[in-house]
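Single-letter residue listing:
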Amino acid sequence: MQDYEIIEKIREYFEDNYELMRLEGGHAITEDIKQLALTQVLYYFTKLKDVATKVTDTEVKLTLPDQKTPKGRNFTIEGVVDIVRDDDETWMYDIKTHDTAYIESNKALYERQLNVYAHIWQNLRGQALDKTAIISTAYPESLKQAHLLNDQFRIQYELSKWNPLIELDFDQEKVKEVVDHFAEIVDCIEEKMFKPAPVEVLRSTMEGTNALFGTRVCRNCDVRYSCSSYRDYATSKGKGERGSFRKYFDDFGSDADKEEWVNANLAAKNPDDINPAEIQ
Amino acid sequence: MSEKDIRYYWNLKGFKPNPKQEKAILHVKGPLFLTAGPGSGKTRVILWRTVNLIVFHQVDPKKIFLATFTDKAAHQLKEGLRSLLGLITNETGQPYDISRMAIGTVHSICQDILVDRNRVFSPDGVRSKAPVLLDSLGQYFKIYRRSFWRELLNAGGYLYSDNIEDDEEAAQREINMYFSGSDFYSRHEAATNIISIFNRFSEENLNPSAHQPDDEILRRILKMYAFYCNSHIGEKIDTVDFSLLQQRAFNKIKSFNGSKDAYDYIIIDEYQDTNSIQEQIYFEIARKCKNICVVGDDDQALYRFRGATVENLVEFEERSKKYLNEIPTRIDLDTNYRSKKKIVNFYTDFIEQTNWAKRDGKGSYRVADKDIQPFNQEDFSAIVTTIKIEKINVFEKVAQFVFDLKANGKIEDYNQVAFLFPSLSYRGLKNGAVAEFETALNNKGIQIFAPRAGRFLEIPEAIEIFGLLFHILERPSHQGPASGGLKDYRQWQLNAMYRAEQLMAHDSLLKEYVSDRQEEIKMVKADYEALMKVIDKKKWKLENALNLDMIRDLASASGLSQTAKATLQKRAFLELLKKKQQAKQPVSLNYVVNRVTSVDWSILDLFYQLCGFKHFQKMYELAEEGIDEGPVCNLGLITQYLARFMEEYTPIITASFLSDKKFANTFVGSYLYAIYRLGESEYEDADDPFPKGRVPFLTIHQSKGLEFPYVVLGNLNKIDRPADKKEIIIRELLQKEGEPLDRISHFDNMRMFYVALSRAQQMTILPQWKGQQRSQAFKNMFAQNVYPVIESLNVAELPPSKLDNDDLGKSYSYTADYLSYQQCPRKYMTFNKYGFIPSRSQTMFFGSLVHQTIEDLHHLLISEKKKKQEA
């Protein structure tokens, strides 16, 4: 297959997947966001064709069975990765849609994850791995600009500058520590310990972003209104109690989010299209 | 491969199979027919047999197809297998990977076959287009919705006069008369009848155009079915219901030649409850390898009403000969390890209280020559009844007995005593004996858990939330008299409104919140009128394309709110309109009106905000601390129904949708009413169905595959009825033979009680009271035998029953569980554990879309590479 044929295929798969997810999820995303998702895949292929064509196993489900928690529960760890192999080396990667800055600042977090996956893979398949890496499909702002302007030269230039592949240190020594911690978390889940993240966490900046936890995580969480930590966080930023009550509830995301939500859904599912015969 | 043989591992696990179990486990080649009586260790046999294939015969797990009946059973098989293989890995260092094994319910495996992630059922590189699955509620709404219903009736030739409403009513009456013999006009009833016959057709893999029956009504129904099947074919993507899912998987398997190599071993559990299309699937995939193993017990067949045909099991030997040209090895797993001797003797006697012989004297409608023997040989009084006195006193004595068991430490938890009933409720109302047993237990301070006994909409959380939503979004204005069901439903609405008023009276902030939302709605409605005035005056047409000049006129409409004005003049909005115009896809005037007069929130947003008020907040706190998860589970279920409404109709609430109570009529009058009538039930956790501290009340169907130390059979009567119309139709259309129509219901009832009677380990209690109705078989049993009464038992002398702690373990995902929990345990609780539906999930949608498409791309590249290498 020629590249242009593959790109055609990507578009076709993308449309199918979009349609399937829209029907299954019952709601739409805006045209802009949809295009952004498609562009991420297309640039992934353009930029990382080398890697993509060497993939030997995609979305491999890894399982580490027969683990025990400190309180004696049995459990299994699961994860999903892609494996790339050529003549001399095998490596494992995980695709994320986070931006590279976020990943770079949270490297330790991803290392822990891929180390566990690598451990499972090497045991399961008896194949040694040479490398682990994260691939970020979120391309940089400069490329986004070039893309919007449809400036082919700049696109080429920005593409060559972009580095979506972040190699991670690969250290099997750390696996046990992570698995032990995982086991403790399983006990917490099974014992139904579900207190929210404390308000101090909400007020802190998230690693690799300029955003507070309370904004980046909580503002996207629907159960924030009933959350004691979020209430503390949202109502303690000055202003009298009365004043903040309305504001606290008048929160359906930023203006841009609201605009997007209404437009996407109005375009996809206009209530005027409901057949009048239905209503009775 | 392994130096230690399988016996070594049996030993390690303390498992001593009997000779028949051993033979079944070690069987490898050719078809195998396992009859497995109650408590005969069949799950263990299936597990060890699979282990034997994988470990000692080097069968690749992805070449094994292992299907069972429920998600719970599937989970047990999967985790059980993982655990046994893990044990062997620990000894040998040899790892096993079952993540690609086809293991699950037949429906889940069919779905996997249609998605075909492993690219087994299509030529290289071709990506399968899987259909979207409509669950049973989705199927109901598809058919029940007026517009589709009319198309369907039209396809059946029911709409012919000028008066469509009259035609519809006549059609509904005819359909209801045909199926249930009552002259009833209800569309809900008719839709429900039509759905069950459609599903049956699909499960029989029936081709509607191949039949021209004399029966005119049936001809109409077949035409409707043909229309229905076609309606699932979409422009971009198809849909299927649960029954068509199987048919579609079957067609996919059949149409691809490589399918015959997909599996080397096929194992099907609960084979007595398989239907015709499933049987066809199994024989199709076993065509080449012939290694099909079926496991089941015809005496425990329960699902004829869902199209199951017990004959698949009873006649397996002949059918295997016919389809595979091989006679299967038959092994009877007939030692019962579960129950005390007298329990086993009781139910083996019970099932023979009727005549199973075929009328021509040749054979029997049961699997012949089964000889179930109890492993336990104690002379323990395990079948117990009561003195026949007034019902209320009997129930009190039974409740006292349950109380004493716990007080004397004979059970560790109340969930070790199960109350079983042929049915728990009728049209959303608890049956008499169910309610009375509940009261008797409550009087002793014992709570019950009856997940399918009540209507979901009647639980307090639902009444409260919907009541508040009605205050904000209104409810239909009812005119005219209502019949029974509708009257109850209106009363339910009034109760909900009243309850909401009480909540608001106790929380002034909540009251303020509700009135803010009401004001907002008033405002968009007023804006709508203001804009429409301009449009009328200018004689513009709503459906026409927007001319950007119109915006100025609209924005200066008299009485228009500041908010609306601001929206109209927002730069981003104008840019969007311009862009659309330049792209020659201008929006309609209507679109702009809707955009300006829609509220910013959906009903799901309202729900989440309402949860921020203290009454609901407390429910979350109870769950956060692990004290009581009940209320939050129910709130989670409410989000699922709200999301479903948005999925079926629209998430957007516009002024035009609100006008003339259109929204209220759709949401309350149509959608919720359907849920109300379907009697959708409360939350159930598939992994953990029996909460601690409560006595489970179950239907006998729910108790399938379960065991309890003590079982109380709450009702000894089930009336035999004439054969179901669907059964008659199928027999005639497909010229099928089977159990005589006039015996079917009787046989089914016998089997159902057989299941109930074989659940108990220690004791089955069969209460008797004055004026009680009992099925004939019970009358016989009581006439022939004398059973001790509970009054005479010395509870202190009973043996203690330990809580079953069979911890198979669960699987946890690194990202979806471990990382999510660490980010925020509370967020994890709501969305991952209790299934709340998020209101806006753009980010998730985005991520999945990118990942899925990249996965597809990788598959394409992998197969391209393969082609190149081959060339």
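All figures in this text were calculated on a predicted structure; none of them were measured in a lab. Residue indices begin from 1 for each chain and proceed along its sequence in written order. Think of it this way: whatever chain is written first is A, whatever ligand is written first is 1, and the rest follow in order. Whole-chain, interface and lining totals are the exception, using all residues; otherwise, since this is a predicted model, local features are given only for residues with pLDDT of at least 70 and side-chain atom pairs are given and counted only at 80 or more.

## So, the sheet that holds strand S16 (residues 694–699) of chain B
Residues and elements named next belong to chain B. Only when DSSP finds a minimum of two bridges between them are two strands counted as paired. Labels follow the DSSP assignment, with helices taken as runs of H or I lasting at least four residues and strands as runs of E lasting at least two, numbered in each case from the N terminus. Pairing in this open sheet of 6 strands is parallel, and the strands run S11-S18-S17-S12-S16-S15 from one edge to the other. Two strands close off the open sheet at either side, each with one partner strand: strand S11 (383–385) and strand S15 (447–449). Across the sheet, the mean angle from the axis of one strand to that of its neighbour is 30°, orientation sign disregarded. In this sheet, strand S18 (residues 760–766) lies alongside S11 in parallel orientation, the contact comprising 3 bridges. Note on S18: the bridge partner recorded for isoleucine 383 is threonine 764. In this description, a residue-residue contact is defined by the distance between C-beta atoms placed from the backbone, which must lie within 7 Å. Lines fitted to C-alpha atoms define the axes here, with helix axes fitted over just the stretch in contact, and angles between the N-to-C directions of these axes take values from 0 to 180 degrees. Of the strands in this sheet, strand S12 (417–421), S15 and S16 are in contact with helix H17 (residues 432–443), which crosses S12 at around 160°.

## A short note on helix H29 (residues 662–678) of chain B
Since one α-helical turn is 3.6 residues long, residues separated by three or four positions face the same way. Residues and elements named next belong to chain B. The end-to-end C-alpha distance of H29, which contains 17 residues, comes to 23 Å, matching closely the 24 Å that a straight helix rising 1.5 Å per residue would cover. Where H29 bends most, at leucine 672, the angle is about 30°. Within H29, 13 of the 17 residues are buried, leaving the element largely enclosed by the surrounding structure. In the stretch just after H29, glycine 679 is the one whose phi turns positive, near 65°. One less than the residue count of a helix, multiplied by 1.5 Å, gives the span that helix is expected to have. What we call the bend at a residue is the angle made by axes fitted to the seven residues finishing there and the seven residues starting there. In this scheme every C-beta is placed from the backbone, and a residue whose C-beta has 20 or more other C-beta atoms within 10 Å is buried, one with 12 or fewer is exposed, and one in between is partly exposed.

## Quick look at unusual backbone geometry
Backbone geometry at A:Asp66 places phi at a positive 60°, although glycine is not the residue there. Positionally, A:Asp66 belongs in strand S1 (residues 55–68). The phi dihedral of B:Asp660 is positive, around 55°, even though this residue is not glycine.

## Overview of the UniProt feature "binding site: ATP" (unreviewed entry) in chain B
Residue and element names in this part refer to chain B. UniProt positions are given in the numbering used here, feature names are shortened, and annotations may be inferred rather than shown by experiment. Listed under "binding site: ATP" (unreviewed entry) in the UniProt record, and renumbered for this structure, are Ala36, Gly37, Pro38, Gly39, Ser40, Gly41, Lys42 and Thr43. If you trace the backbone, proline 38 turns up in the loop between strand S1 (32–36) and helix H3 (42–56). The contacts of proline 38, once residues within four sequence positions are left out, are Asp297, Gln300, Asn336, Arg338 and Ser758. Of note, threonine 43 is situated in helix H3. Residue classification places threonine 43 among the partly exposed positions, given that 17 C-beta atoms sit within 10 Å.

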